[in-house]
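Inside the fold
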Amino acid sequence: MAGVLPPNPNDPRVIRTRQLILDAFVQQLNSMDFNSITVGDITKAATINRATFYAHFPDKYALFEAFLLDAFTNMVLYKVDTEGPLTEKTLQELIVALCNYHETSHHCFKKYDSVALLLEENIKLHLEKLILQLISRSAAAADLKSLGTAATLLSWSLYGITYRWNLEGRTESSSELAEQVMPLITGGFHMFSPH
């Protein structure tokens, strides 16, 4: 609607309402498949009207993206030094945090497979941005395209290995997985080639 301002994100009432919507959404995810959830289900559980929902989110996909970003921030970004360069320690922390993220997400959703693809795209994108930020600090004079390629390679690899770890039943601890993967990341694949 023209002339209607979006809610002030710093207003305590807006923060509370947004949290009500997110909590109601999580409640729905615990009992229903994502594709079956409607805005009506969310507004009913949050005890708000549709106009209030739409003042905060354009649709359930934007709500899901906000939920994923909050979860990614809380479970991954807060576990890693995002102000420093990319180091082996940072990579290990990322692997452990991503394992925890997958494990928690798997338990949060009634039908994890119905949201796994949405999770993957969203998390790889956020992870790629984070890794690009970290490697940009440590790379002396590399061009942006090379850094972007490296960030994509690392983010997709880290996501993939931690996703597979979760899918295959988490047979080792997340820190054991990180130790196992680090030689491949830091030494590359030359360790498999004949000498």
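A brief structural summary. As the structure is a computational prediction, the values presented were derived from the model and not from experiment.

Let us look at helix H7 (residues 144-167). When the terminal C-alpha atoms of H7 are compared, their 34 Å separation across 24 residues agrees well with the 34 Å that a helix rising 1.5 Å per residue should span. Restricting attention to buried positions, one finds in H7 the residues Leu147, Ala151, Leu154, Ser155, Leu158, Tyr159, Thr162, Trp165 and Asn166. Backbone geometry just after H7 places Gly169 at a positive phi near 95°.

Phe25 and Ile131 are the most contacted members of the largest nonpolar core, which has 48 residues in total. Listed by contribution, the elements that provide at least two residues to this core are helix H1 (12-31), helix H2 (39-46), helix H4 (60-75), helix H5 (88-108), helix H6 (112-138), H7 and helix H8 (174-187). In terms of residue count, H4 provides more of this core than any other element does, eight residues in total. With residues up to four places along the chain from it excluded, the contact list for Ile131 reads Leu86, Leu94, Ala151, Leu154, Ser155 and Leu158.

One pass over the full model with this rule turns up three salt bridges. Residue Glu103 is joined to Arg170 by a salt bridge in which the shortest nitrogen-to-oxygen separation is 3.4 Å. Remark: Arg170 occurs in the loop between H7 and H8 and Glu103 occurs in helix H5; sequence separation between them is 67 residues. Residue Glu168 is joined to Arg164 by a salt bridge in which the shortest nitrogen-to-oxygen separation is 3.8 Å. A relative accessible area of 53% means that Glu168 is categorised as exposed.

As enumerated under the stated definition, the model contains nine aromatic pairs in all. Between Phe34 and Tyr61, the aromatic rings sit 5.5 Å apart at their centres with planes inclined by 75°, giving edge-to-face as the arrangement. Of this pair, Phe34 sits in the loop between H1 and H2 while Tyr61 sits in helix H4; the two residues are 27 residues apart in sequence, bridging distant segments of the chain. Tyr61 gets classed as partly exposed once you look at its relative accessible area, which sits at 45%.

So, on to unusual backbone geometry. In most cases, non-glycine residues show a negative phi, while peptide bonds are predominantly trans. Its identity is not glycine, yet Thr47 carries a phi of approximately 55°, on the positive side. Within the element layout of this structure, Thr47 appears in the loop between H2 and helix H3 (50-56). You can call Thr47 exposed: its relative accessible area is 67%. Even without being a glycine, Arg170 presents a positive backbone phi close to 50°. Among the residues examined, Arg170 registers a relative accessible area of 26% and is labelled partly exposed.

Each value, and the rule that gives it
- Residues numbered from 1 in each chain as written.
- Predicted model: local features only at pLDDT ≥ 70, side-chain atom pairs only at ≥ 80, totals over all residues.
- Heavy atoms only, no water.
- Helix = DSSP H or I, 4+ residues; strand = E, 2+ residues; numbered from the N terminus.
- Expected span 1.5 Å × (residues − 1).
- Buried < 20%, exposed > 50% of the residue type's maximum accessible area, 1.4 Å probe, protein only.
- Core = buried A, V, L, I, M, F, W, Y, C linked by side-chain atoms within 4.5 Å.
- Contact = heavy atoms within 4.5 Å.
- Salt bridge = Lys/Arg side-chain N within 4 Å of Asp/Glu carboxyl O.
- Phe/Tyr/Trp six-rings, centres within 6.5 Å; stacked < 30°, edge-to-face > 60°.

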